[in-house]
Amino acid sequence: MIELGEFAPDRSDFDPSATSVLSNFVPRQGGWGPFQQFVPLSDPLPARPQGSFLANLNQGDYLVIAATATGLYRLTSGSMGWTDISKSGTTYATPPDRLWSFAQYGSLVLATNGVDPIQSYDTAVPDKFVDLSANAPRALNVDVLGDFIFATNTSDGENAARW
């Protein structure tokens, strides 16, 4: 146990009975203590992560989705492993300096990397990602505003947007 004064950032820096800054401590009865050891959330992805998303499911549960340069994965419920949910027969081509952009529209999770077609994943019938539409542009970003899906920095031009 480390003895520190009461955490009171609004008191004078010259008050010896108070501590104005605390970093990397957690409150304990009668004082402050160190963080516990970090515990991994999952096994590592098969390659460097290039994006992640937390999808909200209907019952208040969540689905963790992560992306690499060449694939999309979901954290397997009840284990620490990752399941490949990339479009069947597809290897994505995300450049090393780009990240995947994700958004959720109802039960659909949308994913885009600016190179490949916009992907969609239905959390109500989870299987694999599929192309959103044959007419959908390639886009760097995807967002949902109200009832609209916005794709920005599309293949139409750097400042182009579609909804």
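Residues numbered from 1 in each chain as written. Predicted model: local features only at pLDDT ≥ 70, side-chain atom pairs only at ≥ 80, totals over all residues. Heavy atoms only, no water.

1. Some details on the packing of aromatic side chains
Point 1. The full count for this structure, using the stated rule, is six aromatic pairs.
Point 2. A ring pair is formed by Trp 100 and Phe 102, whose centres lie 6.5 Å apart and whose planes are at 25°; its orientation type is stacked. Accessibility assignment for this pair places Trp 100 and Phe 102 in one class, buried. (Phe/Tyr/Trp six-rings, centres within 6.5 Å; stacked < 30°, edge-to-face > 60°. Buried < 20%, exposed > 50% of the residue type's maximum accessible area, 1.4 Å probe, protein only.)

2. A look at the sheet that holds strand 8 (residues 82-84)
Point 1. With antiparallel pairing, the four strands of this open sheet are ordered in space as 5-6-7-8. Only two strands of the sheet have a single partner each, and these edge strands are strand 5 (52-56) and strand 8. This sheet shows a mean twist of 30° between the axes of neighbouring strands, independent of strand direction.
Point 2. Pairing geometry for strand 6 (residues 62-67) and strand 7 (residues 72-75), over three bridges, is antiparallel. Bridge pairing links Ile 65 to Arg 74 in strand 7. (Pairing = 2+ DSSP bridges. Helix = DSSP H or I, 4+ residues; strand = E, 2+ residues; numbered from the N terminus. Axes fitted to C-alpha atoms, helices over the stretch in contact; angles between N-to-C directions.)

3. Some remarks on the side chain of Thr 154
Point 1. With respect to the helices and strands, the residue Thr 154 is situated in strand 14 (residues 148-154).
Point 2. Residue Thr 154 is classed as buried on the basis of its relative accessible area, which comes to 5%.
Point 3. When neighbours within four sequence positions are excluded, Thr 154 is seen to be in contact with Pro 137, Arg 138, Ala 139, Ala 160, Ala 161 and Arg 162. (Contact = heavy atoms within 4.5 Å.)

4. As for the side chain of Thr 112
Point 1. Checked against the element boundaries, Thr 112 lands in strand 10 (residues 108-112).
Point 2. Engagement of the side chain of Thr 112 in a polar contact is seen with the backbone oxygen of Ala 139, the distance being 2.4 Å.
Point 3. If sequence neighbours within four positions are ignored, Thr 112 has contacts with Leu 99, Trp 100, Ser 101, Ile 118, Ala 139, Leu 140, Asn 141 and Val 142. (Polar contact = N/O pair within 3.5 Å; in protein donor to acceptor, adjacent residues only side chain to side chain.)

5. Let's talk about the environment of Asp 156
Point 1. Following the sequence through the fold, Asp 156 ends up in the loop between strand 14 and strand 15 (161-162).
Point 2. For Asp 156 and Lys 87, which are 69 residues apart along the polypeptide, the C-alpha to C-alpha distance reads 24 Å.

6. Section: the sheet that holds strand 12 (residues 130-131)
Point 1. The strand order across the open sheet built from four strands is 9-10-11-12, with neighbouring strands paired in antiparallel fashion. Strands at the two margins of the open sheet, each flanked by one partner only, are strand 9 (101-105) and strand 12.
Point 2. Note that strand 10 and strand 11 (residues 119-122) share four bridges and pair antiparallel. The residue of strand 11 that forms the bridge with Leu 110 is Ser 120.

7. With respect to the pairing of strand 3 (residues 25-28)
Point 1. The sheet contact formed by strand 3 and strand 4 (residues 31-34) spans four bridges and is antiparallel. From the neighbouring strand, Phe 25 faces strand 4, where its bridge partner is Pro 34.
Point 2. The antiparallel pairing of strand 3 with strand 4 creates a hairpin that spans two residues between the two strands, and Gly 30 there sits at a positive phi of about 80°.

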